[in-house]
Amino acid sequence: MRILSIETSCDDTSIAIVEATGKASKTAAPTFIVHENIVSSQTATHRQWGGVVPNLAKREHIKNLPKIYHTLTKEHSDILENVGMSSRINLIAVTVGPGLEPALWAGIEFAKKLSEKLNVPLVGANHLEGHLYSFLLPRSNVNGQMSNVGIAFPAVALLVSGGHTMLLHMKDLLHWKLLGETRDDAVGEAFDKVARMLGLPYPGGPEIEKLAKKGNPKAITFPRPMMREENYDFSFSGLKTAVLYYIKKSFPRESALSPRKSAAADIAAAFQSATIDVLVTKAIRAVREFGAQSVILCGGVAANTALRETLARAAGIAGATFIAPEKEYNTDNAAMIAAAAYINTFRKKKYPMEANGNLSL
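Being a predicted model, the structure only gives us computed values, none of them experimental.

A.B. asks: Just checking my understanding: could you explain the side chain of Asp 192 for this structure?
C.D. replies: Mapping Asp 192 onto the fold places it in helix α5 (residues 187-197). Buried within the structure, Asp 192 lacks any salt-bridge partner; Arg 196 is the closest side chain of opposite charge, at an N-O distance of 5.7 Å. Residues within four places of Asp 192 in sequence aside, it is in contact with Tyr 202, Pro 203, Gly 204 and Gly 205.

A.B. asks: What is the right way to read the pattern of salt bridges from this model?
C.D. replies: If the charged atoms of two oppositely charged side chains come close together, the side chains can form a pair. This model, assessed by the stated rule, comprises twelve salt bridges. One salt bridge in this structure joins Lys 193 and Asp 185, with 3.5 Å as the shortest N-O distance. Lys 193 gets classed as partly exposed once you look at its relative accessible area, which sits at 22%. Measuring nitrogen to oxygen at the nearest pair gives 3.0 Å for the salt bridge that ties Asp 185 to Lys 240. Taken together, the residues Asp 185 in the loop between β10 (175-181) and α5 and Lys 240 in helix α7 (residues 237-250) connect sequence positions 55 residues apart. Per residue, the accessibility class of Asp 185 equals that of Lys 240, and both read buried. What emerges from the salt-bridge pattern is a single network uniting Asp 185, Glu 189, Lys 193 and Lys 240.

A.B. asks: I'm lost on unusual backbone geometry in this one. Help?
C.D. replies: Of all residues except glycine, most have a negative phi; of all peptide bonds, most are trans. That bond from Phe 153 to Pro 154 is cis: its omega, 5°, falls within 30 degrees of zero. For Pro 154, the location among the structural elements is in the loop between β7 (146-147) and β8 (155-160). Positive phi outside glycine occurs at Met 226, with the angle close to 65°. Examined against the element boundaries, Met 226 turns out to sit in the loop between α6 (204-212) and α7. Judged by relative accessible area, Met 226 falls into the buried class, the value being 12%. Of note in this structure, Lys 348 is not a glycine but carries a positive phi near 55°.

A.B. asks: Which parts of the structure should I look at to understand α5?
C.D. replies: Along an α-helix, residues three or four positions apart point the same way, because every turn accommodates 3.6 residues. Counting buried residues in α5 gives eight out of eleven residues, a clear majority hidden from the surface. Here α5 has its buried residues at Val 187, Gly 188, Ala 190, Phe 191, Asp 192, Val 194, Ala 195 and Met 197. Phi turns positive one or two residues past the end of α5, at Gly 199, with a value near 75°.

A.B. asks: When you look at the nonpolar core in this model, what are you seeing that I'm missing?
C.D. replies: Within soluble globular proteins, side chains that are nonpolar tend to cluster in buried spots. Leu 167, Leu 198, Phe 222 and Phe 271 are the most contacted members of the largest nonpolar core, which totals 53 residues. Secondary structure elements with two or more residues in this core: β8, α5, α6, α7, α8 (261-290), β11 (294-298) and α9 (305-317). For this core, the leading source of residues is α8, giving 17 residues. Core analysis: the second largest hydrophobic core is formed by 36 residues, Ala 16, Leu 173, Ile 337 and Ala 341 among them.

A.B. asks: It is not clear to me how the packing of aromatic side chains should be interpreted in this structure. Could you clarify?
C.D. replies: Each pair of aromatic rings is reported with the distance of its centres and the angle of its planes. What the rule picks out here adds up to eight aromatic pairs. Each ring, one from Phe 32 and one from Tyr 342, has its centre 5.8 Å from the other, and the planes form 80°; the classification is edge-to-face. Here Phe 32 is found in strand β3 (residues 31-41), whereas its partner Tyr 342 is found in helix α10 (residues 334-347), with 310 residues between them in sequence. Here Tyr 342 and Phe 346 contribute two aromatic rings whose centre-to-centre distance is 5.2 Å and whose plane-to-plane angle is 75°, an arrangement assigned as edge-to-face. Of this pair, Tyr 342 and Phe 346 both sit in helix α10, four residues apart, which is roughly one turn of the helix. Tyr 342 sits in the buried class, given a relative accessible area of 6%. One cation-aromatic arrangement involves Lys 282 over Phe 234; the distance from NZ or CZ to the ring centre is 5.9 Å.

A.B. asks: I'm lost on the environment of Ile 89 in this one. Help?
C.D. replies: Mapped onto the elements, Ile 89 comes out in the loop between α2 (54-75) and β4 (91-97). As a C-alpha pair, Ile 89 and Trp 49 span 40 residues in sequence and 39 Å in three-dimensional space.

Calculation notes
Residues numbered from 1 in each chain as written. Predicted model: local features only at pLDDT ≥ 70, side-chain atom pairs only at ≥ 80, totals over all residues. Heavy atoms only, no water. Helix = DSSP H or I, 4+ residues; strand = E, 2+ residues; numbered from the N terminus. Buried < 20%, exposed > 50% of the residue type's maximum accessible area, 1.4 Å probe, protein only. Lys, Arg positive; Asp, Glu negative; His and termini not counted. Salt bridge = Lys/Arg side-chain N within 4 Å of Asp/Glu carboxyl O. Contact = heavy atoms within 4.5 Å. Core = buried A, V, L, I, M, F, W, Y, C linked by side-chain atoms within 4.5 Å. Phe/Tyr/Trp six-rings, centres within 6.5 Å; stacked < 30°, edge-to-face > 60°. Lys NZ or Arg CZ within 6 Å of the ring centre and 35° of its normal.

What follows is the structure in structure tokens.
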């Protein structure tokens, strides 16, 4: 099956062409070839506002989608041809949620028109399922060749992004159970808010990670909320508040949003360390409780190198294999939406063709 997929849940506009083969079942995983995965970032547009403005995001999606599709038609004329052709695309998939509803509608309306033009079936896809299945997308091996990953079940999946923090127990590709999620701020949201406290630009996650490399994570002891509680829920609001109080107390004569550079690096390092401790501790506890053979890390925050390395080490000690997508597939992209749509054909799961900002797994 050759899938054209569209992702506009937040501030990245993306269209991909993905070829999928094989079954998704309790014992088998499909194989994917990513022919193209174009992502157009809106970071420059939203940076001046310190975060994503929904209607601005919608405007940019409406402007970017035709441009990206035009690029695809030029570079993949063997797959996408001009009006009047018989398309070699078998399915169009578009994100219907969760996300910013104005942004989601931009992608949905574009997908509807494209489906009619190409006479190809259209399905909705869940953005979170896209992140969850992104580890199945091909990665480069030591020889630079692309290959698909193998996975042993049961598995524990840690999904961390700007809007979500979830821990899942996966029996196989088609069946999973939500073990816990954040009760307040998602981890990516906490990174962005702490970045603003430190006077760092949006998006805050990469900026915190970069600054943390210059600091001492042991210079400050921040709390590890809910880390020792015997459940799999998370809370990062208290940690974020602890950072704010530390800044105000330690630098009363300076702007609470801009402590001196050396101190800011220590704050970033200590905050990042506290966050990673909580995430890894809970994930590894689940590995041991459920006898997981694999640990999957996915979502935008999964691009954080310190988190990847720490969880990989801990998983190895616990006897589980660590799996994470290529970094280009951690952040929002259309290739992962194609993977989710394909696997849902085996789950016989369908989503209404309407934006649902609060859609969950």
